[in-house]
Amino acid sequence: WRYIHDELPARAWYVKADDDTLLFVRNLEDYLSTLEPAYPHFLGRRFLLPDSAYREWSISGGAGYVLSHGALSAFREVWDTCFEAVSRNSPGWASGGGDTA
């Protein structure tokens, strides 16, 4: 998301969907036109990670989700700090490996 924010800064909305996700783009455009992209909108499913010691929330990428420009900008402001904290508290996470403890 850091790359998307930095390389495509002028977009109002950012959509993440898998290759097997069916989007009705016109319906999505119609709905998004009722929202202000400068406001931090997240559209999708979020869930509490099971067995999380920190009550961590995550988002489901399988069905896809939409971030407004405002949401991505807010996310970008804290990305480095969050990434470093998660990497520090979950060894192997940043590299995609398992827990090395």
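Bear in mind the structure is a predicted one, so any value in this text is a computation, not a measurement.

J.: A description of the pattern of salt bridges should follow, citing residues and the corresponding values.
T.: Using the criterion set out here, one finds 4 salt bridges in the structure. For Arg76, the salt bridge goes to Asp6, with nearest N and O atoms at 3.4 Å. Placement of the pair is Arg76 in helix H3 (residues 69-89) and Asp6 in helix H1 (residues 2-7), with a sequence separation of 70 residues. Its salt-bridge partner being Glu29, residue Arg26 comes within 3.9 Å of it at the nearest N-O pair. Of the two residues, Arg26 and Glu29 are both situated in helix H2 (residues 25-32); the distance of 3 residues between them amounts to about one turn of the helix.

J.: Talk me through the environment of Ala38; I want residue IDs and the actual numbers.
T.: With respect to the element layout, Ala38 can be found in the loop between H2 and strand S2 (42-43). Classification of Ala38 by relative accessible area gives exposed; the value is 55%. Sequence spacing of Ala38 and His69 is 31 residues, and the spatial spacing of their C-alpha atoms is 5.7 Å.

J.: Kindly report on the sheet that holds strand S5 (residues 65-68), identifying the contributing residues and their values.
T.: Taken together, 3 strands build an open sheet; the order of strands is S1-S5-S2 and the sheet is antiparallel. Each of the sheet's edge strands pairs with one partner strand only, and the pair in question is strand S1 (13-16) and S2. Relative to S5, S2 is paired through 2 bridges, and the arrangement is antiparallel. Within S5, the position partnered with Phe42 by the bridge is Leu67.

J.: Describe the nonpolar core, with residues and values.
T.: With 5 residues, the main nonpolar core is built from Tyr14, Tyr65, Leu67, Ala71 and Leu72. When near neighbours in sequence (up to four residues on either side) are disregarded, Ala71 contacts Tyr39, Pro40 and His41.

J.: Break down the side chain of Ser68 for me, citing the residues and quoting the values.
T.: Take Ser68: it is sitting in strand S5. A distance of 2.8 Å separates a polar side-chain atom of Ser68 from the backbone nitrogen of His41.

J.: Tell me about the environment of Tyr14, and please be specific about residues and values.
T.: Residue placement: Tyr14 occurs in strand S1. Expressed as a C-alpha distance, the spacing of Tyr14 and Phe42, which sit 28 residues apart in the sequence, is 9.9 Å. With residues near it in sequence (within four places) discarded, Tyr14 still touches Trp1, Ile4, Leu8, Pro9, Tyr65, Val66, Leu67, Ser68, His69 and Leu72. A distance of 2.6 Å separates a polar side-chain atom of Tyr14 from the backbone oxygen of Leu8.

J.: Go over the confidence of the model for the protein chain with me, naming the residues and quoting the values.
T.: Residues with a pLDDT of 70 or more make up 76% of the protein chain, whose mean pLDDT is 80. Considering each helix and strand of the protein chain separately, the mean pLDDT is smallest for strand S4 (residues 57-59), with a value of 71, and largest for H2, with 96.

J.: With reference to specific residues and values, describe a nonpolar patch on the surface.
T.: On the surface, Val15, Leu23 and Val25 cluster together into a nonpolar patch covering about 230 Å² of accessible area. Here Leu23 shows up in the loop between S1 and H2. Given a relative accessible area of 39%, Leu23 falls into the partly exposed group.

Calculation notes
Residues numbered from 1 in each chain as written. Predicted model: local features only at pLDDT ≥ 70, side-chain atom pairs only at ≥ 80, totals over all residues. Heavy atoms only, no water. Salt bridge = Lys/Arg side-chain N within 4 Å of Asp/Glu carboxyl O. Helix = DSSP H or I, 4+ residues; strand = E, 2+ residues; numbered from the N terminus. Buried < 20%, exposed > 50% of the residue type's maximum accessible area, 1.4 Å probe, protein only. Pairing = 2+ DSSP bridges. Core = buried A, V, L, I, M, F, W, Y, C linked by side-chain atoms within 4.5 Å. Contact = heavy atoms within 4.5 Å. Polar contact = N/O pair within 3.5 Å; in protein donor to acceptor, adjacent residues only side chain to side chain. pLDDT = per-residue confidence, 0-100. Patch = residues over 30% accessible without salt bridge, like charges linked within 9 Å, V, L, I, M, F, W, Y side chains within 5 Å. Areas by Shrake-Rupley, 256 points an atom, 1.4 Å probe, with all protein chains shown as cover.

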